[in-house]
Amino acid sequence: MAANVYASATEDGGGEESGQWANSAAATIDCPDVGSELTDVPEGARGDVDNELAALDRQIAEAYQRLQNSAQAQQQDGGFAENAIMNPLKEKRAATIERIAIAIDRVGDRPEGLDSLASCTLRETGNDNGGDQNGGDQNGDGAGQDQGDQQGQDGQQGQDGQQGQQGNGGQAGNGPVAADFADITSVQPGGQGGAEGQNASRGSFTTACGVNANGVFNSDNVIVAPGVSNGAHHFHDYVGNQANNAFASDEDLAAAETSCKNQDDKSSYFWPVLRLQNGTVEQDANSPGGGIEGNAGEIVTPKQVTMTFVGSPQGEVAEMPRLLRIITGDAKAFVNGPANANASWSCTGFEDRQLKDKYPLCPDGSDVVRTFKFQSCWDGRNIDSANHRTHVAFAAADGSCPGGFRAIPQLVQRIVYDVDAPSLQDGGRTTPLFAVDSFPEQVHKPITDHGDFINVFDEGLMREMVDCINEGRECDAADLGGDQGDGDGGDQGNGGDQGNGGGDQGGDGDQGGNDGGDQNQDGGQDQGQDQDQGQEQPGDQEGQNQGQDQNQGQDEGQDKDQNQGQDKGQGQNQGEDGDAGEPTDKADAPKTFASPKATQRERDKNAGQSGGDGKADEAADQAPAGNIPSAAGAGQAGSQGSEGSTGSQSAAGDLADTGAEMWPAALGGVLALCGVVLLRRVRRGVIR
């Protein structure tokens, strides 16, 4: 299998990866969602059906790409899109849907009516003029939404002027646009939810699994498209389980390393990456799921990730079954409509105001927040279902579960990003737009945001979770039984930036937030500040076994030659690559690399331009050469790290190593001094 895990490769962008999107038309392809109609698929047909559903997604992505590439032909021939793109797509879909029906018919009853789902339609995105981005059906949030639309119209004129942006907006020409954003201060605060019953389970259970500082990304989705590489057609961040890819079996997940502080939580938590549309060319720029499918720009590492499990307003909760799969939200909500959408966007300090179909514009000092509240009712039998939805359900407004379902702990996932409000007046040219990765035809709409969870908690720890919640206690997995390992380390010491200041380690909320969880990201960024000591570096799953605290390979130069740091970071395949998410010995295991945060990259660039020569403030912000795999990135980091980082970053190194390397220089100095004294005495003797 081809490796499909990527992260940053260069410091600045040329936008070349978006060439195939240059002639973007402001339209998308709207196809009926076949998978959502398959609520009852016999177990014996599941594998074939999943493969065919993945083929349907691939066909839409390919058709959308042809649509984007043929703007000129469409202008010359009004029937081109229908004849050359939509009709062939319908034929392919019809054949694929027929194979689905045959697969089910072999082991059960043939589904009726699927053939009516073959036809797709062209749909305007509204991205060409900054109009309503959601076709009027995306369930906006009142005043904030209207303001966002108006701002979009005001700012859209500058959209085409942004570097790398095309008619549909965004770096790849397929969104986002200014009208996808709304001012959070204009959104009306929401209600507090329903009242709790007398028997409510009021406790909570938190687990700290980091911020994906070690850069585990791929464009797979083992829940929806197991065994299909690039099944998601967009990239995910992964925390917790480090073995999650399309080919991971239940046994692989159970045996995997985890980034969670409590090593008995091997659950997999994943969501689409957030990208800044700032022209950066990521390493996935020419890869499926990345730039080839319109997902372009700089991947942003979260400042903070919090996973909290809460109880039921109506009574006690039951244990989740091991390997339960839950998907919340709808990655195709822009064309499917909002029925299964569950996106929630807000800003720190304003979280009583939530946006569903707009990205938030946050005031200065406020960070962007994504919140996922997962389904909290389980059918008591299945760990998954044919459409990956019907085995779980949301509770009603009063907190009760549907008939036949039982309450389970509800996962509430909060992801915080240190990104500035984009400059809508110039289309994001001054301060870049941001957006989540998406299926190509979903054009990065915020309503498509979604989260995925696979329960791989140790059963004993799951029992402790349920006891905590039902007894009304507030528990932290890190304080409970189990192996308290170092996890992915990148943010471990700070609990994934969850509350002990890992997010503020540098004393600078914005830098530290990512730095606590940015080790691989910023490599040695905080290194001189002892940030990595006791925080455990990303990649420590294997690199730690060397007893080197990763400082030698990851904290750059440390007291060793910068090239040694590179060799450790890249060639050794342990410190950096060992935690890529594949603890197995497969030769084709994906590799991961670090993804420096935006503010750090800008400082690195400025430092390089000003000819930094080892000043502490420059060295502290350097991205390690060993973390950047491309020639351009390596050259850049090498020039920075060899001069700028070894000096001050070595302060975070081991004192024994430092002394061991300093004593030869000290001895040489003593010998030189003795030689001078002896020479002077000899000269005096000659004079006499």
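Check the entry above for the structure.
Since this is a predicted model, take the numbers as computed values, not measurements. (Residues numbered from 1 in each chain as written. Predicted model: local features only at pLDDT ≥ 70, side-chain atom pairs only at ≥ 80, totals over all residues. Heavy atoms only, no water.)

*Asks:* Explanation requested: the packing of helix α2 (residues 46–69) against helix α4 (residues 80–107) in the structure shown.
*Replies:* Helix-helix packing: each pair is described by the crossing angle between the helix axes and the interaxial distance. Remark: α2 packs on α4, axes separated minimally by 9 Å, with the N-to-C direction vectors making an angle of 175°. Comparing their axes, α4 and α2 come out roughly antiparallel. Residues Asp48, Val49, Glu52, Leu53, Ala55, Leu56, Gln59, Ile60, Ala63, Arg66 and Leu67 of α2 form the contact with α4, whose participating residues are Ala81, Ile85, Leu89, Lys92, Arg93, Thr96, Ile97, Arg99, Ile100, Ala103, Ile104 and Arg106. Taken together, the residues of the contact of α2 with α4 sort by class into 14 nonpolar, 2 polar and 7 charged. (Axes fitted to C-alpha atoms, helices over the stretch in contact; angles between N-to-C directions. Helix = DSSP H or I, 4+ residues; strand = E, 2+ residues; numbered from the N terminus. Parallel < 35°, antiparallel > 145°, perpendicular 65-115°, else oblique. Contact = heavy atoms within 4.5 Å. Nonpolar A, V, L, I, M, F, W, Y, C, P; charged D, E, K, R; others polar.)

*Asks:* I would appreciate a short explanation of the packing of aromatic side chains in the present structure.
*Replies:* Each aromatic ring pair is specified by the distance between its two centres and by the angle formed by the two planes. This model, assessed by the stated rule, comprises 11 aromatic pairs. The interplanar angle of 65° and the centroid separation of 5.6 Å between the aromatic rings of Tyr359 and Phe434 together place this pair among those described as edge-to-face. In this pair, Tyr359 is assigned in strand β13 (residues 359–361) and Phe434 in strand β19 (residues 434–436), connecting sequence segments 75 residues apart. Across the pair, Phe434 and Tyr359 agree in class, each one buried. Through a chain of ring-to-ring contacts, three or more aromatic side chains come together here, namely Phe205, Tyr269, Phe309, Phe374, Phe453 and Phe457. When the ring centre of Phe334 is taken as origin, the NZ or CZ atom of Lys445, which lies over that ring, is 5.5 Å away. (Phe/Tyr/Trp six-rings, centres within 6.5 Å; stacked < 30°, edge-to-face > 60°. Buried < 20%, exposed > 50% of the residue type's maximum accessible area, 1.4 Å probe, protein only. Lys NZ or Arg CZ within 6 Å of the ring centre and 35° of its normal.)

*Asks:* Would you explain helix α8 (residues 459–470) in this entry?
*Replies:* Every α-helix winds through 3.6 residues per turn, so residues three or four apart in the chain are directed the same way. The end-to-end C-alpha distance of α8, which contains 12 residues, comes to 16 Å, matching closely the 16 Å that a straight helix rising 1.5 Å per residue would cover. Listing the buried residues of α8 in full gives Leu461, Met462, Met465, Val466, Cys468 and Ile469. Summarising the axial view, the buried residues of α8 lie within an arc of 160°, below the 170-degree limit, and thus occupy one face. Looking at where α8 begins, the residue whose side-chain oxygen comes 2.9 Å from the main-chain nitrogen of Gly460 is Asp458. In the stretch just after α8, Gly472 is the one whose phi turns positive, near 75°. (Expected span 1.5 Å × (residues − 1). Arc of directions from axis to C-beta. Polar contact = N/O pair within 3.5 Å; in protein donor to acceptor, adjacent residues only side chain to side chain.)

*Asks:* Just to check I follow, could you spell out the pattern of salt bridges for this structure?
*Replies:* Side chains that differ in charge, positive against negative, can pair when their charged atoms come close. A complete count under the given rule lists 16 salt bridges for this structure. In this structure, Arg46 engages Glu43 in a salt bridge whose closest nitrogen and oxygen atoms are separated by 3.7 Å. Among the ionic pairs, Arg110 bridges to Glu98, the shortest N-O distance being 2.8 Å. Here Arg110, found in the loop between α4 and β2 (121–124), pairs with Glu98, found in helix α4; they are 12 residues apart in sequence, far enough to count as distant. Of the residues examined, Arg110 reaches a relative accessible area of 33% and is grouped as partly exposed. One network of salt bridges, in which partners are shared, links Arg275, Asp284 and Asp437. (Salt bridge = Lys/Arg side-chain N within 4 Å of Asp/Glu carboxyl O.)

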